[in-house]
Amino acid sequence: MSALVTYQNYVHGQYISNGSGETFEVINPATGSVSYLVEVATDAVKQAAIDSAKAGFAVWSKMTPMERSRILLKAVALLREHNDELAAGEVLDTGKPWQEASVVDIVTGADSIEFFAGLAPSIEGNQQPVGEDFYYTRREPLGICAGIGAWNYPLQIACWKAAPALACGNVMIFKPSEETPRGAMRLAEIFTQAGVPDGVFNVVQGDGRVGAWLTTNDDIAKVSFTGEVGTGTKVMAAASSTLKEVTMELGGKSPLIIFNDADVDNAVSAAMLANFYTQGEVCTNGTRVFVQKDMYPQFIERLKQRTENNIVCGDPMDAETNFGALISRSHQQKVLEYIAIGQKEGATLLTGGTALQPENAPHGFFVAPTIFTDCTDDMTIAKEEIFGPVMSVFTFEDEQEVIQRANNTHLGLAAGVFTQDITRAHRVIHQLEAGICWINAYGASPAEMPVGGYKMSGIGRENGNETLKAYTQIKAVYVGMQPLESPF
Ligand code: NAP
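Bear in mind that the values here come from a model prediction, so they are computed numbers and not experimental data.

**Student:** What is the right way to read the overall build of the chain from this model?
**Tutor:** Along the backbone of the chain there are 16 helices and 25 strands. For 488 residues, the compact-globule formula gives about 23 Å, and the C-alpha radius of gyration of the chain, at 24 Å, lands near that figure. For the chain, the C-alpha atoms occupy an extent of roughly 80 × 65 × 40 Å along the three principal directions. The buried share of the chain, taken over its 488 residues, is 56%. Long-range contacts, defined as pairs at least 24 residues apart, comprise 73% of the intrachain contacts of the chain with a sequence gap of at least 6. Carbon and sulfur atoms provide 52% of the accessible area of the chain, an area that totals close to 20000 Å². Side chains of the chain give 35 positive and 57 negative charges; the mean places of these two sets differ by 4 Å.

In structure tokens form, the structure reads like this:
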């Protein structure tokens, strides 16, 4: 057996030793075995990351936006050139199917950097006369931003956070989830290769303690966080001690509403995409599927038939596999516990409900695509984010009823509506308390579109024009054109 590779923290354009040799293991979710080791960021590494970021900021923030844009576009080209190698790394770390990672994860990460690189030179201040005097504004970068990522889209999350931050002239210290540390390291290497100056994108490794350090460090101006609601509230509280700006991309329990007049096959496709894509580990998942009464029998019949016949669970690197392994054994157990609670509380298991051991990946952390019917709004599975392949189906009679039930949650990340009635589609969407909405679609998230949550699902947005403002601060400069009038 060959020795495992050990990765170090990426600071100032290179990997640096942590001095202590302390490491953590990264497990391949599809095999259950250790893929590689990573050195934990010690105090020496953290200080080096801060010193380096300060030096990086001094260089990067002085460049013209056009210069920054050109360099970022080189990184975009490199990401695309290395798509397959990078996607394979994401598959090995996350357990998601190659089918998805090879066409989504790197592509959407690169798109976001390309989008913000294009916008960078358009960042403007304004000028306003005030009598003979005038004032003008400058949009200046914030300084050192921290990025803290979840494990479901590791490289894409790193790109989505780095893109607006770097485009606006900030630098970033990024901490990936300790379960998926590879994508951010590879992004850091690519930035260096593209010509991004040293210190502009550093990667520190470790668990929540390294994240917590970022949220309280005096030199950090902003924290952009992706993860669970519970962690997000801790991060925000910690960041408040030094009044850091925050962007919070948190969990959801999103409704997918299907009216009688919807195209049934489209609606079934949406429900499956919204629950089984990335084996259910997507923040925007439409896990509460509300189906209008008359549509219900045919919808359920096709949903069961397609779920049982069209899902190929197995080795995520196999080209045929469209349903992968959950991130860890403990997460697999958590999802199975939610399924047991669903049964105990009286929901009917339509299909799935068990762990799976596919022949070509018998030791992976798989859970079968699971559908519950006869669900009621007060069940635990209807209220809590499971973050696995567990769909709950509900029936409803009329529009106002379903809007009220869909909004009856403290979360508000996403929502979807399926209907052929164009006025109803917009009317319903306008009343749903969610930041990311789809009509006759589900899950698409192009770089141009701002995404983020209402209520407890988040604060601020990623992607889209909106996000630029969150990575700059306004300096207002008043210019006196005449001698000062003074009573003194
Ligand atoms: P998590 O447990 O909240 O962890 C997220 C990140 O925070 C990890 O890097 C984690 O480190 C770190 N962390 C833990 N404790 C911390 C602390 N006290 N201070 C600072 N950082 C800390 O979430 P997860 O399990 O990785 O991801 C799943 C969740 O992310 C789901 O709820 C999902 O809905 C949400 N998500 C949201 C979006 C969105 O755009 N809205 C996108 C993707 C995922 P370690 O894990 O290394 O300990």
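**Student:** Sorry if this is basic, but what is going on with the pattern of salt bridges here?
**Tutor:** When charged atoms on two side chains of opposite charge get close, those side chains can pair. The tally for this structure, following the rule as stated, stands at 20 salt bridges. One salt bridge in this structure joins aspartate 111 and arginine 80, with 2.8 Å as the shortest N-O distance. Within this pair, whereas aspartate 111 is found in helix 5 (residues 105–119), its partner arginine 80 is found in helix 2 (residues 65–81), the two being separated by 31 residues in sequence. On the basis of relative accessible area, aspartate 111 is assigned to the partly exposed category, the value being 29%. Of the charged contacts in the structure, one is a salt bridge between aspartate 261 and arginine 424, with a shortest N-O distance of 3.3 Å. Of this pair, aspartate 261 sits in the loop between strand 13 (255–258) and helix 10 (264–276) while arginine 424 is found in helix 15 (residues 422–431), placing the two residues 163 residues apart along the sequence. Bridged by salt links that share partners, the residues Arg80, Asp111 and Glu114 form one connected network.

**Student:** Hey, could you run me through the sheet that holds strand 25 (residues 472–479) in this one?
**Tutor:** Hydrogen bonds between backbone groups are what pair the strands of a sheet, and the pairing can be parallel or antiparallel. Pairing in this open sheet of three strands is antiparallel, and the strands run 6-7-25 from one edge to the other. A strand with exactly one partner marks an edge of an open sheet, and here the two such strands are strand 6 (127–130) and strand 25. The mean inter-strand angle of the sheet, taken between neighbouring strand axes irrespective of direction, is 25°. Examined bridge by bridge, strand 7 (residues 133–141) and strand 25 share eight bridges and lie antiparallel to one another. From the neighbouring strand, arginine 138 faces strand 25, where its bridge partner is lysine 475.

**Student:** Whenever I open this one, the pairing of strand 14 (residues 288–292) confuses me. Can you help?
**Tutor:** The side chains of a regular strand alternate between both faces of the sheet. Burial within strand 14 is extensive, with five of its five residues counted as buried. As paired strands, strand 13 and strand 14 are joined by four bridges and run parallel to one another. In the sheet register, proline 255 faces strand 14, and the bridge partner there is arginine 288. What joins strand 13 to strand 14 is helix 10, and the crossover it makes is right-handed. The pairing of strand 14 with strand 19 (residues 390–396) spans five bridges and is parallel. Bridging from a neighbouring strand, valine 289 pairs with valine 393 of strand 19.

**Student:** Help me understand the UniProt feature "domain: Aldehyde dehydrogenase" (unreviewed entry) in the chain in this model?
**Tutor:** Mapped onto this numbering, the UniProt entry gives "domain: Aldehyde dehydrogenase" (unreviewed entry) at residues 18–477. Between the C-alpha atoms that bound residues 18–477 there is a distance of 44 Å. The span itself is 40% helix and 21% strand.

**Student:** I'm lost on the sheet that holds strand 4 (residues 23–27) in this one. Help?
**Tutor:** Taken together, the three strands give an open sheet; going across it, the order is 1-5-4, and neighbouring strands pair in mixed fashion. Each edge of the open sheet carries a strand with a single partner, namely strand 1 (6–7) and strand 4.

**Student:** Would you mind going over the UniProt feature "active site" (unreviewed entry) in the chain with me for this structure?
**Tutor:** Here, UniProt's "active site" (unreviewed entry) annotation points to Glu249. Following the sequence through the fold, glutamate 249 ends up in strand 12 (residues 245–249). Judged by its relative accessible area of 9%, glutamate 249 falls in the buried class. Apart from the residues lying within four places of it in its own chain, the contact partners of glutamate 249 are Lys161, Phe225, Thr226, Gly227, Val451, Gly452, Ser457, Gly460, Arg461 and Glu462.

**Student:** What am I meant to see in the packing of helix 14 (residues 399–406) against helix 15 here?
**Tutor:** How two helices sit against one another is set out by the angle between their axes and by the gap between those axes. One way to put it is that helix 14 packs onto helix 15 with a least axis distance of 10 Å and a crossing angle of 30°. For the pair helix 14 and helix 15, the crossing hand works out as right-handed. In contact with Glu399, Gln400 and Ile403 of helix 14, helix 15 contributes Arg424, Arg427, Val428 and Gln431. A breakdown of the residues in the contact of helix 14 with helix 15 according to their chemical character gives two nonpolar, two polar and three charged.

**Student:** Before we go on, may I ask you to explain the site of the ligand in this structure?
**Tutor:** The ligand sits among 27 residues. The nearest are Gly149, Glu178, Thr231, Leu250 and Glu385. The separation between an oxygen atom of the ligand and a polar side-chain atom of tryptophan 151 is 2.9 Å. Between an oxygen atom of the ligand and a main-chain N or O atom of glycine 227, the distance comes to 3.4 Å. In isolation the ligand has 910 Å² of accessible area, and contact with the protein removes 87% of it. Broken down by secondary-structure element, the contributors of at least two residues to the shell around the ligand are helix 8 (208–216), strand 11 (220–226) and helix 9 (229–240).

**Student:** Is there a simple way to explain the nonpolar core in this structure?
**Tutor:** Generally speaking, nonpolar side chains in soluble globular proteins are found buried as a group. In terms of nonpolar packing, the biggest core is built from 118 residues, with Leu79, Phe191, Ile258 and Phe299 touching the most fellow members. By size, the runner-up hydrophobic cluster in this structure holds 28 residues, among which are Phe259, Ala382, Val417 and Ala434.

**Student:** Hey, could you run me through the side chain of threonine 278 in this one?
**Tutor:** By the element assignment, threonine 278 lies in the loop between helix 10 and strand 14. Those residues in contact with threonine 278 that lie beyond four places of it in its chain are Lys96, Glu100, Asn152 and Tyr153.

Calculation criteria
- Counting starts from 1 at the beginning of each chain's written sequence and moves along it residue by residue.
- This being a predicted model, a pLDDT of at least 70 is required before a residue's local features are given, and a value of 80 or more before pairs of side-chain atoms are given or counted; all residues contribute to the totals for chains, interfaces and linings.
- To get the side-chain values, all heavy atoms of the structure are used, and hydrogens and water are removed first.
- Counting from the N terminus, the helices are DSSP H or I runs at least four residues long and the strands are E runs at least two residues long.
- Using C-alpha atoms as the atom set, the radius of gyration is obtained and then compared with a globule rule of 2.2 Å times the number of residues to the power 0.38.
- Buried, partly exposed and exposed residues are distinguished by accessible area as a fraction of the type maximum, computed with a 1.4 Å probe on protein chains only: under 20%, between the cut-offs, and over 50%, respectively.
- Only heavy atoms matter for contacts: two residues are in contact if any of them lie within 4.5 Å across the pair.
- Computed by Shrake-Rupley with a 1.4 Å probe, the accessible areas treat only the displayed protein chains as cover when residues are assessed.
- Working convention for charge: Lys and Arg count positive, Asp and Glu count negative, and His plus the chain ends are omitted.
- Charge placement uses NZ in Lys and CZ in Arg. For Asp and Glu, CG and CD serve respectively.
- Whenever a carboxyl oxygen of Asp or Glu lies within 4 Å of a side-chain nitrogen of Lys or Arg, that contact is scored as a salt bridge.
- In this analysis, strands are considered paired if DSSP registers two or more bridges between them.
- Here, axes are lines fitted to C-alpha atoms. For helices the fit covers the stretch in contact, and angles between N-to-C directions go from 0 to 180 degrees.
- Consider the strands pointing away from the viewer: the crossover is right-handed when the path from the first strand over the helix to the second runs clockwise.
- UniProt positions are given in the numbering used here, feature names are shortened, and annotations may be inferred rather than shown by experiment.
- We call a crossing left-handed when the near helix sits turned anticlockwise from the far one by less than a right angle, and right-handed when that turn is clockwise.
- Ten residue types, Ala, Val, Leu, Ile, Met, Phe, Trp, Tyr, Cys and Pro, are classed as nonpolar, four, Asp, Glu, Lys and Arg, as charged, and the remainder, Gly among them, as polar.
- Being near a molecule or strand, for a residue, comes down to having at least one heavy atom within 4 Å of it.
- Any pair of N or O atoms that falls within 3.5 Å is considered a polar contact. Within protein, one atom must be able to donate a hydrogen and the other to accept it, and sequence-neighbouring residues count only if both atoms are side-chain atoms.
- As used in this record, nonpolar core signifies buried Ala, Val, Leu, Ile, Met, Phe, Trp, Tyr and Cys residues forming a set joined through side-chain atoms within 4.5 Å.

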